There are 2 protein chains.
Amino acid sequence: VTAAAAAANAAVVDRLTSAAPVVRGVRRAGDAIAGLDAGLVLHAGPPIQVGDLLAPMAAAIAGALVLEGRAPTIDAAHAQLRAGEVELASAHDHGAVGPVAGVITASMPVFEVVDDEHGVVAHATVNEGLGRVLRFGANDDAVLERLRWIAAVAAPALDAALASIGGIALHRLVAEALNRGDECHNRNKAATAQLVRQLAGAIVRTSPASAADVLDFVAGNDHFFLNLSMAAGKASTMAAGEEAGSSIVTAIASNGHEVGIRVAGTGGTWCTAPAPSADDGRWLDGFTADDAGPLMGDSFVTEVCGLGAFAAAAAPAIATYIGGSVGALNAAAAEMARITVAEHPRYRVPYLDFRGTPVGIDVHRVAATGIAPVVNAGFAARHAGVGQVGAGQLRLPIEPFLEAAATLGGARPGAMAAAASAP
Amino acid sequence: VTAAAAAANAAVVDRLTSAAPVVRGVRRAGDAIAGLDAGLVLHAGPPIQVGDLLAPMAAAIAGALVLEGRAPTIDAAHAQLRAGEVELASAHDHGAVGPVAGVITASMPVFEVVDDEHGVVAHATVNEGLGRVLRFGANDDAVLERLRWIAAVAAPALDAALASIGGIALHRLVAEALNRGDECHNRNKAATAQLVRQLAGAIVRTSPASAADVLDFVAGNDHFFLNLSMAAGKASTMAAGEEAGSSIVTAIASNGHEVGIRVAGTGGTWCTAPAPSADDGRWLDGFTADDAGPLMGDSFVTEVCGLGAFAAAAAPAIATYIGGSVGALNAAAAEMARITVAEHPRYRVPYLDFRGTPVGIDVHRVAATGIAPVVNAGFAARHAGVGQVGAGQLRLPIEPFLEAAATLGGARPGAMAAAASAP
């Protein structure tokens, strides 16, 4: 590693970890997200061709087209999609993220997360809840009705409450959630409870008529905070930005067909590999690995920021949700120190004497060690509308990291061979 | 240990740990607590003589007498107290507990916690917040005004909300709080947030006019849940009850003059020692150990139930609050396994592969090992009305445990000598 490359990496990680993302409000996506006009559908992961869409993402897009009034029925929406009449784009390219299908269209409300330190703004959808929801490809009337309620009732109430208290500093809330057993990817229980705690009085004062329903909606979903964690992560990676010569990963996301990564030194280029499927995990309600589709969603932005699987030691109780032993999950997180360049100055693990989580994934280190990052994941059904079928920890395919390292010109020949033979 | 004694201990600990305390509502103490008529003042710890009262407890009692309309001024109240005109009793003897001074009088609202498993009901005051509050001996107009507001506004709102959702199972909330970094004695942040999460919608529905103020009051106090944890603990120890031959501790409490314990096999007898003072801890706002009074309060009922210092391994972030290293706090908790007879079947520590916390303090084991229990504690100022000056972990004096062991007839001669020479 040259001194210049090390300095470039340090600069990127410094921006990534000094980001101070504050959720300021909830906006209409079409007004807030640059370039998101009525003709565009944003989705999770790197760009995808219509022919490669998995059933849940296609169904989510169809539901969004009906929601927007661009198709009269779900069937008509699918026909538009097949005919190539729907313009798709990666949410990541528009400063936005969403879990699972990650579909965002103009009328949907999005959280606005501002990092004044670096002058960036990121957006994420409002989490719909569990079960039959759009992000898992459910698109029946009840699903669209809930989305309309979120836009008409929950979003204005959350926006008014956030405005009345001057926003919530998400980096502080995440840091405290790590003290409370969350890793802020697959476990957001403590963060969601703290969010309710910080917002409850303000929601009642600003939206008395809808406050009870809105509070029940937010409080009723253990994963409500996930989208805020993701938006904070997206803002942080936007702050990290681009930097010539840097080998630090700034995005990990999957569209269900391909998982892709971006590196600060190669700008907007996605390096991709086929999206992996879960081979191990904890399955809900009698589902098995056969019911799960490949990895999908933008939520791995949390791992990019030192959360999720990288913060497992802060969240030992997640073992009951994603499977595995506490020791194995901690060991996987500790291994991530071998492929990262820093410890997060804000995101600390009490159990490890408040050491920071490993952060700043370096594709050269991945190439040199043959260690690909692990991520925590909720597994979506391969069929549309079923919802989540399980959760687990997964190791990403190493190829995108090797490709990025080779593009940067720092890969050593032996490293790729070593990686190829790693388990 | 005879087989009969072991069986007696097992029976006591089984009742202690199978208790299912549910907070059902908030009642006027005079209506809810047996024997608490207008002439009585309940206080923390074992019974105390007026002449032995520390300044903060005397001031809290004086404030309560004014609150009740039994004295026109604080000075007049102190005069009544000095003249022996005020009847005092241990809250513990009335099925109730309170933090620090633990003063309970008839007009105060108390949480009603019911364990239907064993048919017991326990009560605890509503936490007033931090700073200048009655439990620390502040008794000015603002303090009494807040107490009146709690009784008139917060208590009915909390009661109605609890009634509307059928109560909250505290043993479940505590168990989950251990997954979220609380030990439910000196750290109650996650439990308080979860309480707000569970109550917010219900408070808005049942008390729309006062909901915002009540939610701000509850959410604004990191220690709000403490009193509920204590009430759950008191219900559990009442369920444990008395059992001939059992050497299991069922109460640890301090009136600031003496710390006392009770054991299942000796019924209501208190074994006492002078209340210890903090020699180490983390001091707030420039306070030092010199500003702290001796240990005071009923909150050590949490340690009796396997929480607090006994659950330190679930709450590593508490090291920033009570001082000490995470490792040292964990080691102290692990040491408690040497003086307890069981692991709590419900209160589990994720980091220890979900092993239960040590529970069931056996005075014979204390005598045999010379290991006295440790407790977490918030340290009150020695002067009235100052508030909390610090927090820390403290080892209890061993003498009450040795006395109880000797009373039971199971102490071996060598044990006391060994204990006396222990650090």
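Residues numbered from 1 in each chain as written. Chains lettered and ligands numbered in written order. Predicted model: local features only at pLDDT ≥ 70, side-chain atom pairs only at ≥ 80, totals over all residues. Heavy atoms only, no water.

1. A look at the pattern of salt bridges
When the charged atoms of two side chains with opposite charge come close together, those side chains can pair. Throughout the structure, instances matching the rule amount to 37 salt bridges over all chains. One salt bridge in this structure joins Asp159(B) and Arg27(B), with 2.9 Å as the shortest N-O distance. Placement of the pair is Asp159(B) in helix α5 (residues 141–164) and Arg27(B) in strand β1 (residues 21–28), with a sequence separation of 132 residues. For Arg27(B), a relative accessible area of 29% gives the class partly exposed. Connected through salt bridges with shared partners, the residues Glu176(A), Arg180(A), Asp182(B) and Arg187(B) form a single ionic network. (Salt bridge = Lys/Arg side-chain N within 4 Å of Asp/Glu carboxyl O. Helix = DSSP H or I, 4+ residues; strand = E, 2+ residues; numbered from the N terminus. Buried < 20%, exposed > 50% of the residue type's maximum accessible area, 1.4 Å probe, protein only.)

2. Focus on the sheet that holds strand β15 (residues 374–380) of chain A
All names here are of chain A. What the 3 strands build is an open sheet, ordered β11-β16-β15; its pairing is antiparallel. Two strands lie at the open edges of the sheet, namely β11 (282–283) and β15, each paired on one side alone. Where β11 and strand β16 (residues 388–395) come together, 2 bridges link them in antiparallel fashion. The residue bridging Trp283 from the neighbouring strand is Gly390, located in β16. (Pairing = 2+ DSSP bridges.)

3. A few points about the relation of the copies chain B and chain A
When chain B is fitted to chain A, the best match, at an RMSD of 0.0 Å, comes from turning it 180° and sliding it 0.0 Å along the axis. Taken together, the rotation angle and the small translation identify this as a two-fold axis. The position closest to the rotation axis in chain B is occupied by the C-alpha of Arg180(B), lying 2.0 Å away. The fraction of interface residues of chain B whose copies in chain A are also interface residues reaches 100%, indicating that both copies meet through the same surface. (Least-squares fit on C-alpha atoms with pLDDT ≥ 70 in both. Contact = heavy atoms within 4.5 Å.)

4. Brief notes about the interface of chain B and chain A
Contacts between chain B and chain A engage 37 residues on the former and 37 residues on the latter. Contact between chain B and chain A buries roughly 2,900 Å² in total, counting both sides, with carbon and sulfur atoms accounting for 59%. Three residues, Arg180(B), Arg197(B) and Tyr351(B), lead the burial of chain B against chain A; their summed loss comes to 27% of the area buried on that side. One can count 8 salt bridges joining chain B with chain A. Seen at the junction of chain B and chain A, the total is 12 residue pairs in polar contact (both at pLDDT 80 or more). Listing elements by their share of the side of chain B that touches chain A, those giving two or more residues are α7 (189–206), α8 (211–219), α11 (319–322) and α12 (326–335) of chain B. Here the side of chain B that touches chain A gets 11 residues from one element, more than from any other, and that element is α7(B). Tallied by class, residues from the side of chain B that touches chain A come to 18 nonpolar, 9 polar and 10 charged. (Buried area = accessible area lost by both parts, 1.4 Å probe. Polar contact = N/O pair within 3.5 Å; in protein donor to acceptor, adjacent residues only side chain to side chain. Nonpolar A, V, L, I, M, F, W, Y, C, P; charged D, E, K, R; others polar.)

5. Re the sheet that holds strand β10 (residues 271–274) of chain B
Residue and element names in this part refer to chain B. Across the sheet, which stays open at both edges, the 4 strands sit in the order β10-β9-β8-β12 with antiparallel pairing between neighbours. Each edge of the sheet is formed by a strand with only one pairing partner; in this case those strands are β10 and β12 (296–297). Where strand β8 (residues 249–255) and strand β9 (residues 258–263) come together, 5 bridges link them in antiparallel fashion. Residue pairing across strands places Ile252 opposite Ile261, the latter belonging to β9.

This is a description of form; function is not addressed.
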